[in-house]
Amino acid sequence: MAHSHEAGALHAPHNGATAVVPAWLTPPADVNELLPQLWARTVTRGADGSLQVGGIAVAELVEQFGTPLYVLDEEDFRARAAQFRDAFATAFADLCGGADVYYAAKSFIATGVARWISEDGLNLDTASGGELALGLRGGVPGERIALHGNNKSRSEIHAALTAGVGRIVLDSLGEIDLVADVARELDVVAPVFIRVTVGVEAHTHSYIATAHEDQKFGLSLAGGQALTAVEAVLARPELSLRGLHSHIGSQIFDLGGFEVSARRLLELHARIEHSYGVTLPEIDLGGGFGMAYTSEHTPLAPERIATRLAEIVARECLVQGVAVPKVSVEPGRAISGPSTFTLYEVGAVKDVALEGGTSRRYVSVDGGMSDNIRTALYDADYSATLASRASQAPGVLSRVVGKHCESGDVVVKDEFLPSDAGAGDLLAVPGTGAYCRSMASNYNQVPRPAVVAVRDGVARLLVRRETPEDLLALDAG
Ligand SMILES: Cc1ncc(COP(=O)(O)O)c(C=O)c1O
Ligand SMILES: N[C@@H](CCCC[NH3+])C(=O)O
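Residues numbered from 1 in each chain as written. Chains lettered and ligands numbered in written order. Predicted model: local features only at pLDDT ≥ 70, side-chain atom pairs only at ≥ 80, totals over all residues. Heavy atoms only, no water.

I'd like to hear about unusual backbone geometry, residue by residue, with values.
Cis geometry marks the peptide bond from Thr 67 to Pro 68, where omega comes out at -15°. Its location among the elements puts Pro 68 in the loop between α1 (58-65) and β6 (69-73). You will see that Asp 379, though not glycine, has its phi angle at about 60°, which is positive. By the element assignment, Asp 379 lies in the loop between α12 (374-378) and β18 (385-386). (Helix = DSSP H or I, 4+ residues; strand = E, 2+ residues; numbered from the N terminus.)

Account for the site of ligand 2, with residues named and values stated.
The local shell around ligand 2 holds 8 residues, among which Arg 333, Arg 374, Tyr 378, Tyr 435 and Met 439 are the closest. Separating an oxygen atom of ligand 2 from a side-chain N or O atom of Arg 333 is a distance of 2.6 Å. The separation between an oxygen atom of ligand 2 and a polar side-chain atom of Arg 374 is 2.6 Å. When ligand 2 is considered free in solution it has 310 Å² of accessible area, and contact with the protein chains removes 86% of it. (Near = heavy atom within 4 Å. Polar contact = N/O pair within 3.5 Å; in protein donor to acceptor, adjacent residues only side chain to side chain. Areas by Shrake-Rupley, 256 points an atom, 1.4 Å probe, with all protein chains shown as cover.)

How would you summarise the environment of Val 188 if you had to cite specific residues and measurements?
Turning to its location among the elements, Val 188 is positioned in the loop between α7 (173-186) and β11 (190-197). Given a relative accessible area of 32%, Val 188 falls into the partly exposed group. When the C-alpha positions of Val 188 and Glu 201 are compared, they lie 38 Å apart, and in sequence the two are 13 residues distant. (Buried < 20%, exposed > 50% of the residue type's maximum accessible area, 1.4 Å probe, protein only.)

Which residues make up the pairing of strand β8 (residues 123-126), and what are the values?
Residues Asn 123 and Asp 125 of β8 are buried on one face, and the alternating residues Leu 124 and Thr 126, pointing to the opposite face, are buried as well. Pairing analysis gives 3 bridges linking strand β7 (residues 100-104) to β8, with the strands arranged parallel. Its bridge partner being in β8, Tyr 103 is matched across the sheet by Leu 124. The pairing of β8 with strand β9 (residues 145-147) spans 3 bridges and is parallel. In the sheet register, Thr 126 faces β9, and the bridge partner there is Leu 147. In this region the chain leaves β8, passes through helix α5 (residues 129-137) and returns to the parallel neighbour β9; the handedness of that crossover is right-handed. (Pairing = 2+ DSSP bridges. Right-handed = clockwise from strand over helix to strand, strands pointing away.)

Explain the site of ligand 1 to me, and be specific about the residues and the numbers.
Taken together, 16 residues surround ligand 1, and among them His 247, Ser 250, Glu 330, Arg 333 and Tyr 435 come closest. Between a nitrogen atom of ligand 1 and a side-chain N or O atom of Glu 330, the distance comes to 2.7 Å. Separating an oxygen atom of ligand 1 from a side-chain N or O atom of Tyr 435 is a distance of 2.6 Å. Contact with the protein chains removes 93% of the 390 Å² of surface that ligand 1 exposes when unbound. Each residue belonging to the shell around ligand 1 can be placed in one class, and the counts come to 4 nonpolar, 7 polar and 5 charged. (Nonpolar A, V, L, I, M, F, W, Y, C, P; charged D, E, K, R; others polar.)

Here it is in structure tokens:
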């Protein structure tokens, strides 16, 4: 779809009234079309017009697992993970023997996913004891796991060191002694990174930018805390300083922020070498690579990202006169996000009259902000398509909303859906593999949906659906 549609154009739906179309959304020539950049690679329309994934029709999945349902295309997830792994191995091969990819578990993790990560030779970035536990149970070796967090508990640090994690990323000055003390108790040396706030304003939603000064993550470079942390870590024999880390934010399409961040990190890296005679063996540039939620997004290919980051690191190391450390990155969304779509059943459909004689169509589904909070939280855009059948009806500008008691309970703000879409139809929302199930809630005591992985005609449950009994079981009475 082109992006050339004029902002605020009026679209006449089937009932003659009009509603405002966002600038990037063009009325489709065919409402049944699946834009390849938005859908996992095995998703197609079958001969009957309904969606198929991994060789299975959505109706079959719904019969077995119900709705709402997160449907993960295993082939797609693993291909994207392998593409990042290979792109970074290749681009950095001559510089530092290949860069390591740590898949960010926060975007979505289940033991089944951890098993793929482990089998496919990636590493795992965890941000809590829970993510760590799932990673370990899925078979990821401790030394291939990183533990993050701006407020790790003693028990999370204890669990990580007991598992022999490859790195703990220190996020505050107080944490340095905490990790060192736990390491001493366990009689181990803890491999640590220091998360540096590099002062970059990433071009993304302010809620998911993480390297400007006024936020909670990391130790400030400009304010001097990062260097103070380096000195404190070097003074503790229970800690082995492996490198510096920076993560500038999420859903980023412009590599300019990574350039500034890498330069600032490598300046500090060089300063540590020159001032303390300590050559840090590694450096981590974080994650945050963007994905396509709608036709307005054009993500960078992993090869392009890896090649550009390799150029930046090579140049900065040359300028600083230091050897290239082993590089790692932490993509989450770009791997898990596009692999999954959410399948809903449509219920109530309303045309609501707006001021000025326009109207908006509201299509309600059987989930909502409890399974996808991103629209309400970040004003995120999504798309949707009729999944249970193809339709010859014209497209009508629609808003897909959930079933929660909240007017902000919107899943898809604007999409052209066939005018005959109605109760009992299945609707699919692509690009929900990252930060949807992992940020799901039980608002209105709605049980969280299942996640099913589909591959080669086989559907396998990754996370089972919660039931009202699960919710009742939490109630202390
Ligand atoms: C430290 C860290 N690494 C990696 C990620 C993964 O980010 P994304 O899923 O945008 O790639 C995040 C989340 O933003 C993060 O905070
Ligand atoms: N949850 C965010 C990203 C979180 C980034 C974590 N540091 C999102 O859905 O976009």
